[in-house]
Amino acid sequence: MKTFLESTNVNSFYNLNTLTYPVIVYLKITECCNLCCNFCSQAYEKKNIMDINLAKKILRELHNGGVVSINYTGGEPLLYPDLQELLKYGSSLGFEQTLITNGLNILKNKNILKYVNCIGISLHGTPEIHNHLCNLPNAFDKVKSNIDKLLSDYPKIKLNLNCTLTEENINEDSLKFLKNFAQERNIKLCFGRLNYLGLSSNTKIINPDKYLKIIAELKKEYFNISISNCIAHCTHQQEYKYLNHACGAGISIFSIEPNGDVKICPSSSYILGNVLNTKFSKIIKNKKLDNYKKLNWLPNICRICKDFSYCKGGCHAEGNSLFYENTCDTLVIDKLNSVWEKIKNKKIISKCNKLRKEKNKYLIIKIPIRKIDKLGYKILLQCDGTKTGSEIAEIFSKITNIEDFLSTLYLDNIIGVQK
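This section reports on the structure supplied with the text. (Residues numbered from 1 in each chain as written. Predicted model: local features only at pLDDT ≥ 70, side-chain atom pairs only at ≥ 80, totals over all residues. Heavy atoms only, no water.)

Overview of a nonpolar patch on the surface
Inference 1: Taken together, the side chains of L19, V23 and V68 present a nonpolar region at the surface, about 200 Å² in accessible area.
Inference 2: With respect to the helices and strands, V23 occurs in the loop between strand 1 (5–7) and strand 2 (24–28). (Patch = residues over 30% accessible without salt bridge, like charges linked within 9 Å, V, L, I, M, F, W, Y side chains within 5 Å. Areas by Shrake-Rupley, 256 points an atom, 1.4 Å probe, with all protein chains shown as cover. Salt bridge = Lys/Arg side-chain N within 4 Å of Asp/Glu carboxyl O. Helix = DSSP H or I, 4+ residues; strand = E, 2+ residues; numbered from the N terminus.)

Overview of the sheet that holds strand 13 (residues 355–358)
Inference 1: Across the sheet, which stays open at both edges, the four strands sit in the order 1-15-14-13 with antiparallel pairing between neighbours. Each of the sheet's edge strands pairs with one partner strand only, and the pair in question is strand 1 and strand 13. Within this sheet the neighbouring strands show an average axis-to-axis angle of 30°, counted without direction.
Inference 2: Sheet topology places strand 14 (residues 361–364) next to strand 15 (residues 370–372); three bridges connect them, and they run antiparallel. Looking across to strand 15, one finds that L363 is bridged to K371. (Pairing = 2+ DSSP bridges. Axes fitted to C-alpha atoms, helices over the stretch in contact; angles between N-to-C directions.)

Quick look at the sheet that holds strand 11 (residues 273–274)
Inference 1: Taken in spatial order, the ten strands make up an open sheet running 8-7-6-5-4-3-2-9-10-11, and their pairing is mixed. Here the strands that pair on one side only, and so sit at the sheet edges, are strand 8 (225–227) and strand 11.
Inference 2: In terms of strand pairing, strand 6 (residues 158–164) meets strand 7 (residues 188–192) through five bridges, oriented parallel. If you follow L161 over to strand 7, its bridge partner there is L189.
Inference 3: Sheet strands touched by helix 4 (residues 139–153): strand 5 (118–122) and strand 6. Its angle to strand 5, the strand with the most contacts, is close to 160°. (Contact = heavy atoms within 4.5 Å.)

Section: the side chain of N105
Inference 1: Note that N105 resides in the loop between strand 4 (96–101) and strand 5.
Inference 2: Judged by its relative accessible area of 18%, N105 is buried.
Inference 3: The contacts of N105, once residues within four sequence positions are left out, are N34, L78, L79 and N146. (Buried < 20%, exposed > 50% of the residue type's maximum accessible area, 1.4 Å probe, protein only.)

What follows is the structure, given as structure tokens:
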């Protein structure tokens, strides 16, 4: 059972039923890798490799459905034994094909390059930082040499640099080094926020303002810089929101594992189905995915936000096996937890003395005007200055999002705390 706070300026019951078929699919063709990065989301050593016949079958169905781009990933896709055959087949179907690689072995089989449109190569900072994060002493020099060789010998292939932002490389010198590296070669630089999965699941959460401020300044010097994954607007200063974009997981993008498991994106832990026994087109039309697209599972802080239609609550896949039953974004969860810590032991008092009943809901007559359901109204009545946040939460313990609801009321200045 949940309770909701709604905006009256914009109907917050959005849904993601905007596409019948994805545009991009991430094809994880192998779990093998030749590096052991400190922040790896995989965090376990597996050797699963996608059967070439299964891979071709998948490509055929995706082509028939209208998928435009295939992103080959892993592990390290360059370790896939049938890579040339697979890329050649994908090219014959007309796909735009991207390799997402650490770049160490990119020139060992040059025959694959004629089938590739784009290569995303990982580079995580200065030589010292990159080598440290990858746990390989000469990794940077190898990657740099390969990048320069690709630029000179294969100018038609688009190159992107991918940097995962970690505690070790978030400093002005390291990020500026990458900006200069990309600018000198006129290639795109993509910064990706750390997803708290695998080896990073228990690391300290990084405040996005720490790196967005630096990236905003670097972008003034070099336009071809972007954030490659979503960061919820409420988790950082609003002046940086132009750098971000909404999550496309389960809408425009999907991901397929080496064993055929289908997920909304490579970071998701929830399995929608398997292409070995069910057609991809049927998997992406199941009831679980329909419920996900309704967005009712997002926290109240997202649903009343003026940027909701653009932000959509940040990451929808990060480390949450429950899938859509609660927000998945570690940064949003951290934001709500920090607010709850402020109010849970304080006496809660309502700042609202005017309400209007409207059908089966109540309008909170306060700027901005909000709407609450019957459960929310009952909770608001308990905010009389005699109970703490924790005590109110205990009264309504059967409401699964009670802490989220109270935290959002506080952020929206509908309730306050007794000093």
